[in-house]
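Structural overview for review
So the chains spell out like this:
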Amino acid sequence: MSESPQPDPDRANLHHVTAADDIADGERIIVEVSGREIAVFHSNGEYYALSNYCTHQGGPACEGLLGGTLDVDDDDELVWACEDEIVACPWHGWEFDITDGTHTASDEYRLPTYDVHVRDGDVYVEL
Amino acid sequence: MGSTTEQRIRSIDDLDVIVDTDFHLTERQEDIFPYLESPFDELLNSQQGDDYGYLGRVYPAHGMVYSVTIGKADSETVRTKEDIQKGRDLVEWDKAIITPTQNLYLGAVHHDDLAAALATAYNNWLLDKVVDPDDGLYGAAIVAPQKPQKAAEEVERRADEDGIAAVMIPSGSVDPLLGHESYYPLYDACERAGLPIKMHNAAGTMMTRFPSTWQAMDRALPVHATSHNMMHQTNLADMLTRGVPERFPDLTFVIQESGLGWYPYFMRRFDHDYMGAKWDAPMLDKRPSEYLKDQFYVTSQPVEGLDDPQYLNETIRHFEGEDSLMFSSDYPHFDFDNTGELLKILRSEFTSDEIQNIYGKTAERVYAFD
């Protein structure tokens, strides 16, 4: 994500999504850009864009519940982590980290991600 | 040990080494009672008493109407070195990990401290009467899962004994399951000692772990056909979820006497579920099946499907058995496998080196023979 205009990306690659205020923190919207369904999340003050097509079996991955997950700390004790950064595909419960598209359990599956730019109160994704 | 890659393996005579990873004693409690230590020596060995014909048995009897136990079929007794030699002549192993029979029920003994004392007594007897590393006779030190801390101490006591090549948990009646943190001192002791843990159930121990299921299957056949693999799947699922192989990365487990087909099924089944439930097993850094391939081994007997070579070869390939399957005879138990039976099938699929692995080379790497 980039909030500053420099270096200026090629304007043709930027696609307007919505006004930044339209996506409250912890929310998302799903838009179609150049034939692709893309989810734009607003989470913990940052914006993230991911493909809404699950790499598992094609489910609408980004329409699932957004939350955190259990992890272990250095002492192997259970801790809550990644609040509002884990989306669970509604088809099979596969969980993805919206900050980089990675599947929580495997490097073999990953949702494609797109750069997000916020300019003058508007949100753009770069394709 | 030169390369055997070029040599075609036609029979067991062509094998460099045969290691039987599950060769049973049929010990009686009277064999090991004299080896009890205080206070159970005094408690159990002072007076004869009248046990009404059965109450003197401290190991719970399952009461299953089973062909061997009711005298419908004959099975060898293995309580002395002479008995062992008789079985060795049949199975033709070079080395064996000698395992118990009655003490497969140790985890069901209804007195935790006595169970720990019986483990110690069995190991005393084993070292005194059975083990002989110069002759290839190695033992698995047994531990009582009822007392994990004492089990850890038992491992430490036996770790430097010549001829103790593994530790055995009678895993069929463990409570809690083997992923529980109460066992971590035991795992830590085994890992430090470099001793793999053999997990071995007995069909009858299911009576304590799946009591209502046991009651419902009121014959020996359904119990024996299902309980071994069912209990192993239950323990493995618990151990993986709680991260036991991640917590003890240098510890090796050996899964015994449960057949093969369920194992590649379980790998894939558990991986499949894990993909949607990573939050429930946050200790893991790899797929569950990768931990199984890296730290778990399987012994062969009883191989199902000897009349279906394609099934058996494919099944073994499905869990990379060329690196993780180890021959075992299970002698003298009634479903033991003759040494050459599996080999006849493996020849059509596996290379000579892979067959050598399955019959002995992998076991030589896994067990603490030195």
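Before going into details, it helps to say that this report is about the structure given with it. Note that residues are indexed from 1 along each chain, following the sequence as it is written. Just so you know, chain letters begin at A and ligand numbers begin at 1, following the order they were written in. In keeping with the predicted nature of the model, local features appear solely for residues at pLDDT of at least 70, side-chain atom pairs appear and are counted solely at 80 or more, and the whole-chain, interface and lining totals rest on all residues. Where side-chain values are given, they derive from all heavy atoms of the structure, hydrogens and water being excluded.

**Quick look at the pattern of salt bridges**
As a reminder, the rule being used: By salt bridge we mean one thing: a side-chain nitrogen of Lys or Arg within 4 Å of a carboxyl oxygen of Asp or Glu. Every helix listed is a DSSP run of H or I at least four residues long, and every strand listed is a run of E at least two residues long, numbered separately from the N terminus. Burial status follows relative accessibility: with a 1.4 Å probe on protein chains alone, a residue under 20% of its type maximum counts as buried, one over 50% as exposed, and anything between as partly exposed.
In the structure shown here, the tally under the stated rule is 22 salt bridges over all chains. Residue arginine 287 of chain B pairs with glutamate 108 of chain A through a salt bridge whose shortest N-O separation is 3.2 Å. With one member in each of two chains, arginine 287 of chain B in the loop between helix 11 (262-275) and helix 12 (288-295) and glutamate 108 of chain A in the loop between strand 7 (95-97) and strand 8 (113-119) form a pair that bridges those chains. Assessed through its relative accessible area of 18%, arginine 287 of chain B is described here as buried. When its relative accessible area of 60% is taken as the criterion, glutamate 108 of chain A is described as exposed. When the shortest N-O distance is used, the salt bridge between arginine 317 of chain B and glutamate 322 of chain B registers 3.3 Å. According to the relative accessible area criterion, arginine 317 of chain B is partly exposed, its value standing at 26%. When salt bridges with common partners are traced through the structure, they connect Arg317, Glu322, Glu349 and Glu354 of chain B into a single cluster.

**What to know about helix 11 of chain B**
Condition: For a helix, the expected span equals 1.5 Å multiplied by the number of residues minus one. Whether two residues touch is decided by their heavy atoms; if any such pair falls within 4.5 Å, the residues are in contact.
Its 14 residues give helix 11 of chain B an end-to-end C-alpha distance of 20 Å, which sits within 8% of 20 Å, the value for a rise of 1.5 Å per residue. Those residues of helix 11 of chain B not exposed but buried are Trp262, Tyr263, Pro264, Phe266, Met267, Phe270, Asp271, Tyr274 and Met275 of chain B. Residues of helix 11 of chain B that are buried sit in contact with strand 7 of chain A together with helix 9 (220-241), strand 6 (253-255), helix 12, strand 7 (296-299) and helix 13 (309-318) of chain B.

**A closer look at the side chain of asparagine 235 of chain B**
Residues and elements named next belong to chain B. Relative to the elements of secondary structure, asparagine 235 occurs in helix 9. Looking at asparagine 235, the relative accessible area reads 0%, which means it is buried. When residues no more than four places from it in sequence are discounted, the contact partners of asparagine 235 are Ser171, Val174, Leu177, Leu178 and Met199.

**A word on the packing of helix 13 of chain B against helix 15 (residues 339-346) of chain B**
Residue and element names in this part refer to chain B. Rule in force here: Angular values range over 0 to 180 degrees, each being the angle between N-to-C directions of two axes fitted as lines to C-alpha atoms, with helices fitted over their stretch in contact. What sets the label is the angle itself: under 35 degrees gives roughly parallel, over 145 gives roughly antiparallel, 65 to 115 gives roughly perpendicular, and the rest give oblique. Three residue categories are used. Nonpolar comprises Ala, Val, Leu, Ile, Met, Phe, Trp, Tyr, Cys and Pro, charged comprises Asp, Glu, Lys and Arg, and polar comprises the others, including Gly.
Between helix 13 and helix 15, whose axes approach to 9 Å, the crossing angle comes to 85°. Here helix 15 runs roughly perpendicular to helix 13, going by the angle between their axes. The residues of helix 15 that touch helix 13, namely those facing Pro309, Leu312, Asn313 and Ile316, are Leu342, Ile345 and Leu346. A class-by-class count of the residues in the contact of helix 13 with helix 15 yields six nonpolar, one polar and no charged.

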